[in-house]
Amino acid sequence: MKSKNSKTVTIKALHTKQRILDEVYTLLESTYKNVEGGLNFENKYDLLQNTSIWKVIYFENHIIGVLIYKAKHGLKMVACAINETYKNIAKKRLINIIKKNFSKTWMEISEGLERFILNIASAKEFIIHNKKAKDILKKSIQLCNDQHHYIREINGVNKTKILVGTPTI
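Here's what I pulled together on the structure shown here.

## Some words on the sheet that holds strand β6 (residues 142-143)
Part 1 of the reasoning: As summarised here, the arrangement of the eight strands in space is β1-β2-β3-β4-β5-β8-β7-β6, forming an open sheet in which the pairing is mixed. Two strands in the sheet have a free side with no partner beyond their single neighbour: β1 (6-11) and β6.
Part 2 of the reasoning: Direction of pairing for strand β7 (residues 150-154) relative to strand β8 (residues 157-165): antiparallel, over a ladder of five bridges. Bridge pairing in β8 links E153 to N158.
Part 3 of the reasoning: Sitting on the sheet, helix α4 (residues 111-118) touches β4 (75-82), β5 (105-109) and β8, and the angle it makes with β8 is about 20°.
Part 4 of the reasoning: Sitting on the sheet, helix α5 (residues 130-137) touches β4, β5, β6, β7 and β8, and the angle it makes with β7 is about 30°.

## Structural notes on the side chain of S6
Part 1 of the reasoning: By the element assignment, S6 lies in strand β1.
Part 2 of the reasoning: Take S6: its relative accessible area is 5%, and that puts it in the buried class.
Part 3 of the reasoning: For S6, the contacting residues outside a window of four places in its chain are Y58, F59, I89 and R93.

Conventions and cut-offs
Throughout this document, residue positions are counted from 1 along each chain, in the order its sequence is written. Note on the predicted model: pLDDT of at least 70 is required for a residue's local features to be given, and 80 or more for side-chain atom pairs to be given and counted; whole-chain, interface and lining totals, by contrast, use all residues. Remark: hydrogens and water are excluded; side-chain values derive from all non-hydrogen atoms of the structure. Two strands pair if DSSP finds at least two bridges between them. A run of H or I in DSSP counts as a helix once it spans at least four residues, and a run of E counts as a strand once it spans at least two, with each numbered from the N terminus. Pairs of residues are marked as contacts when any of their non-hydrogen atoms sit within 4.5 Å. Helix axes are fitted only over the stretch in contact, all axes being lines through C-alpha atoms; the angle between N-to-C directions runs from 0 to 180 degrees. Exposure categories follow from relative accessible area, calculated using a 1.4 Å probe and restricted to protein chains: below 20% of the type maximum is buried, above 50% is exposed, and the middle band is partly exposed.

Structure below.
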């Protein structure tokens, strides 16, 4: 399997998202099933109505990865997932997309996604000081001593998070 048979499509149109909604939501549910706090969308219609841009990675007409963004202080990546069957190709594409977008987008990450993102070259340059997190998130958070992490409640679970990227404030 060669990654040159893969492509990334940026989708903004609601009708285009509707056509792939079931497949994208199933992929996200599968990825987030073991994440504490889970997928932060009530259902697939919440995903459809409350997101701005989807970057969908295709390989031979299969969706093998997705990045979901909300229009919030610029573009905030709020979810991403890869199809485990095409893990190597999807991860390479995901890394390239994220690396190219640190200066244009931002994300609030934790756990496995944090480890994955912070291993990308240049990611550490885009870590946002946790004191700015209060202004950006406009949520109640507890700052950690490392000046990067903070703790906030998500779906009833206290999570240690970090902000990476370039939000517009």
